[in-house]
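Summary of the model geometry
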Amino acid sequence: MHKHPELTDRTIWQAFEAERTQLVLTSGRFDGFHATQASVSKTCLVRFDNNKYSVSSRAVGRPIEIQAYADRIVIRQDGTIVGDILVASAAARRPTIPGITCQCSPRSPARCATVPRSKTGCCQPAWSVFGAS
């Protein structure tokens, strides 16, 4: 069990159990997202988290709100959805070879399979080399 960072005489679970009676019950799905404002380019693209997302052309040149969920990005303008994009989770974007992480340049992709995770300088997924992540 992990010790609580502030209540050192308790574990995290013990602190949670002590506070459980004071927690507020929710009645339904929690709609948790990170919201930020942005604008749409002339090419109908919105930049968020170092990625560009395509939206409806009616949104060009006007401010929009980006709502980033764990599995998707919803882009709204004046309450209307102008873009709804499913995104892979960070875990799904990781390389599938255990112990290997990949940041190789397009010139040396074979190096990925030979460099262990502890080495630095190699091994970012190929899509981030080309500008998306």
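Residues numbered from 1 in each chain as written. Predicted model: local features only at pLDDT ≥ 70, side-chain atom pairs only at ≥ 80, totals over all residues. Heavy atoms only, no water.

With respect to the pattern of salt bridges
What counts is decided by this rule: Salt bridges are defined as contacts in which a side-chain nitrogen from Lys or Arg sits within 4 Å of a carboxyl oxygen from Asp or Glu. Only protein chains enter the accessibility calculation, which uses a 1.4 Å probe; a residue whose area is less than 20% of its type maximum is buried, one above 50% is exposed, and one in between is partly exposed. Starting at the N terminus, helices and strands are each numbered in turn, a helix being any DSSP run of H or I of at least four residues and a strand any DSSP run of E of at least two.
Under the counting rule described, the total for this entry stands at 3 salt bridges. Residue Arg20 pairs with Glu17 through a salt bridge whose shortest N-O separation is 2.8 Å. Judged by its relative accessible area of 36%, Glu17 falls in the partly exposed class. Across the pair Asp84 and Arg72 runs a salt bridge whose closest N-O atoms are separated by 3.6 Å. In this pair, Asp84 sits in strand 6 (residues 80-86) while Arg72 sits in strand 5 (residues 72-77), placing the two residues 12 residues apart along the sequence. On the basis of relative accessible area, Asp84 is assigned to the partly exposed category, the value being 48%. The partly exposed category is assigned to Arg72, whose relative accessible area is 23%.

Considerations on unusual backbone geometry
The phi torsion at Asp49 lies on the positive side, around 55 degrees, for a residue other than glycine. For Asp49, the location among the structural elements is in the loop between strand 2 (45-48) and strand 3 (51-54). Owing to a relative accessible area of 52%, Asp49 belongs among the exposed residues under this scheme. A positive phi angle, near 65 degrees, is found at Asn50, a position not held by glycine. Examined against the element boundaries, Asn50 turns out to sit in the loop between strand 2 and strand 3.

A short note on the nonpolar core
Stated precisely, the cut-off is as follows: Buried Ala, Val, Leu, Ile, Met, Phe, Trp, Tyr and Cys residues that are joined via side-chain atoms within 4.5 Å together make up what is termed a nonpolar core. We call two residues in contact whenever any of their non-hydrogen atoms come within 4.5 Å of each other.
Counting 14 residues, the largest nonpolar core has Val46, Val55, Ile64, Ile66, Ile73 and Ile75 as its most contacted members. At the level of secondary structure, the elements contributing two or more residues to this core comprise strand 2, strand 4 (63-68), strand 5 and strand 6. Broken down by element, the residue count for this core peaks at 3 residues, all from strand 4. Not counting the four nearest positions on each side in its chain, Ile73 is found in contact with Phe48, Tyr53, Ile66, Gln67, Ala68, Gly83, Asp84, Ile85 and Val87.

It is worth stressing that arrangement in space is one thing and function is another; only the former is reported here.
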